[in-house]
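Geometric and topological summary
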Amino acid sequence: MFKKTLLVDMINRSSETPADRRNFLRGMGLLSAGAVGAGLVGTATAESASAATPSEGSVLNFALNLEYLEAEFYCYAAYGHGLADALATGTGTQGGVTGGHRVPFKSKAMRYYAEEIANDEIAHVKFLRTALGSAAVSRPAINLQESFTGAAVAAGVIKQGETFDPFSSEAFFLLGAFLFEDVGVTAYKGAAPLISTPAYLEAAAGILAVEAYHSGIVRTLLYENGLDAPTNLISDARDSLDGAGADKDQGITVGSGGRANLVPTDANSIAFSRTPQEVLNIVYLTPGTGVTKGGFYPNGLNGEIATS
């Protein structure tokens, strides 16, 4: 038989919340009035309550929420439609997507970039949903319309009363993509210490690498197209949103001569990290703590990690 400590570890790693753990025990036939069942439940609950960090299931679901947003953005940009309905179901309240349409790409290369990234993000959604199984959260309500305008106004890219549609042109598409890509890299790096299962950690590292490739593509295209001024404004806005402390964002140029800065890193050339709360501040477009919704997620995220 498995040792009690191993069973507890299996229960905690396979579940996001105490309710999930109870369901896991029922499914395994371990939840009963017997002393063994009661002991396991008590031990699992106590260990969970004493944990200072969220469960791995919670971290993966947090990542899934972010992947839903990126996948919807790129799917609409590249193909003119969002995720298939079968990829939007799960626990929590499922929401719809507001805004989004196909970008009128003039460059074949740019269209190919968008399609490749869209396919990557769809694959990330599928992978995380499979890894989480029945614990996977559903896609929350996502706003791809007013949220971009609000972010662009706050950054100073456009004036109050104007509209920013990231799907209206190649330039606006790149600026919209930039708003997400660097955040994804810092989010996955920041989540790394919260994941201890080797298989999950390796997968998260793999997704982080792909997001970094995406970020490099977008930053390079922005620089080549002379969009450094609005890009740097968005970078400054992100840094003001994620909270007080160290500068965790960089634009695509440095100095007065427009020298390229395509790889944002600290003094040791290490990528920046953001906590889930800092990431939420950005996607909710609201600084501070205790925020539960707003910006790109008008009703908030699904799952345990949803408050900044």
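Residues numbered from 1 in each chain as written. Predicted model: local features only at pLDDT ≥ 70, side-chain atom pairs only at ≥ 80, totals over all residues. Heavy atoms only, no water.

Here we look at the overall build of the chain
We count it as follows: Secondary structure elements are defined from DSSP: runs of H or I of at least 4 residues count as helices, runs of E of at least 2 residues count as strands, and each element is numbered from the N terminus. The rule is simple: take the accessible area with a 1.4 Å probe, protein chains only, and divide by the maximum for that residue type; under 20% is buried, over 50% is exposed, in between is partly exposed. Throughout, the Shrake-Rupley method with a 1.4 Å probe supplies accessible areas, and for residues the shown protein chains are the sole cover considered.
In terms of helices and strands, the chain carries ten helices and four strands. The secondary structure elements of the chain, listed N-terminal to C-terminal, are α-α-α-α-β-α-β-α-α-α-α-β-β-α. Looking at the chain as a whole, 47% of its 308 residues are labelled buried. Within the structure as shown, the chain displays about 14,000 Å² of accessible surface, and the carbon and sulfur contribution to it stands at 57%.

Brief notes about the pattern of salt bridges
Rule in force here: The term salt bridge refers to a pairing of a side-chain nitrogen on Lys or Arg with a carboxyl oxygen on Asp or Glu at a separation within 4 Å.
Taken as a whole and judged by the stated rule, the model has eight salt bridges. Between arginine 219 and aspartate 182 there is a salt bridge whose closest N-O contact spans 2.5 Å. Here aspartate 182 lies in helix α7 (residues 170–191) and arginine 219 lies in helix α8 (residues 198–224), a separation of 37 residues in the sequence. Assigned by exposure class, arginine 219 and aspartate 182 land together as buried. Its salt-bridge partner being arginine 238, residue aspartate 249 comes within 2.8 Å of it at the nearest N-O pair. Note that aspartate 249 is positioned in the loop between α9 (228–241) and β3 (253–254) and arginine 238 in helix α9, a separation of eleven residues in sequence. The pair formed by aspartate 249 and arginine 238 is uniform in burial state, with each residue classed as buried. Because the salt bridges share partners, they merge into one network encompassing Asp182, Arg219, Arg238, Asp242, Asp249 and Arg274.

Description of helix α6 (residues 146–155)
A turn of α-helix holds 3.6 residues, and therefore any two residues three or four places apart point the same way. Among the residues making up α6, those that are buried are Ser147, Phe148, Thr149, Ala151, Ala152 and Ala155. Positive phi shows up at glycine 156, right after α6, with a value of about 85°.

Regarding the environment of lysine 189
Just so we agree on the cut-off: A contact between two residues is defined here by any heavy atoms of the two lying within 4.5 Å. Nitrogen and oxygen atoms within 3.5 Å of one another constitute a polar contact, given that in protein one can donate a hydrogen and the other can accept it, and given that sequence-neighbouring residues count only through two side-chain atoms.
You can see lysine 189 is positioned in helix α7. In sequence terms lysine 189 and alanine 271 are 82 residues apart; their C-alpha atoms lie 7.8 Å from each other. In this view, lysine 189 contacts Leu208, Ile270, Ala271, Phe272 and Ser273; residues no more than four positions away in its chain are not counted. Only 3.2 Å separates the side chain of lysine 189 from the backbone oxygen of alanine 271, close enough to count as a polar contact. At 2.7 Å, the side chain of lysine 189 and the side chain of serine 273 are in polar contact.

Section: the nonpolar core
Under the convention used in this document: Here, nonpolar core refers to any group of buried Ala, Val, Leu, Ile, Met, Phe, Trp, Tyr and Cys residues whose side-chain atoms link them within 4.5 Å.
Phe73, Phe173 and Tyr297 are the most contacted members of the largest nonpolar core, which has 71 residues in total. Per element, the largest residue contribution to this core is 15 residues, and it comes from helix α4 (residues 56–79). Not counting residues up to four positions away in its chain, the partners in contact with phenylalanine 73 are Leu144, Phe148, Pro166, Phe167, Phe173, Gly176, Ala177 and Phe180.

Details of the packing of α4 against α8
Packed helices, taken two at a time, are described by the angle their axes make and the gap between the axes. Condition: Only the contacting stretch of a helix is used when fitting its axis, a line to C-alpha atoms as for every element, and angles between N-to-C directions run 0 to 180 degrees. By the definition adopted for this analysis, an angle is roughly parallel if under 35 degrees, roughly antiparallel if over 145, roughly perpendicular if from 65 to 115, and oblique otherwise. Each crossing is labelled by how the near helix is turned from the far one, with a counterclockwise turn of less than a right angle marking it left-handed and a clockwise turn marking it right-handed.
Viewed as axis vectors pointing N to C, α4 and α8 meet at an angle of 30°, and their least axial separation amounts to 13 Å. By the angle between their axes, α4 is roughly parallel relative to α8. As α4 runs across α8, the sense of the crossing is left-handed. Touching Glu56, Leu60, Glu67, Glu70 and Tyr74 of α4 are Tyr200, Ile207, Glu211 and Val218, all from α8.

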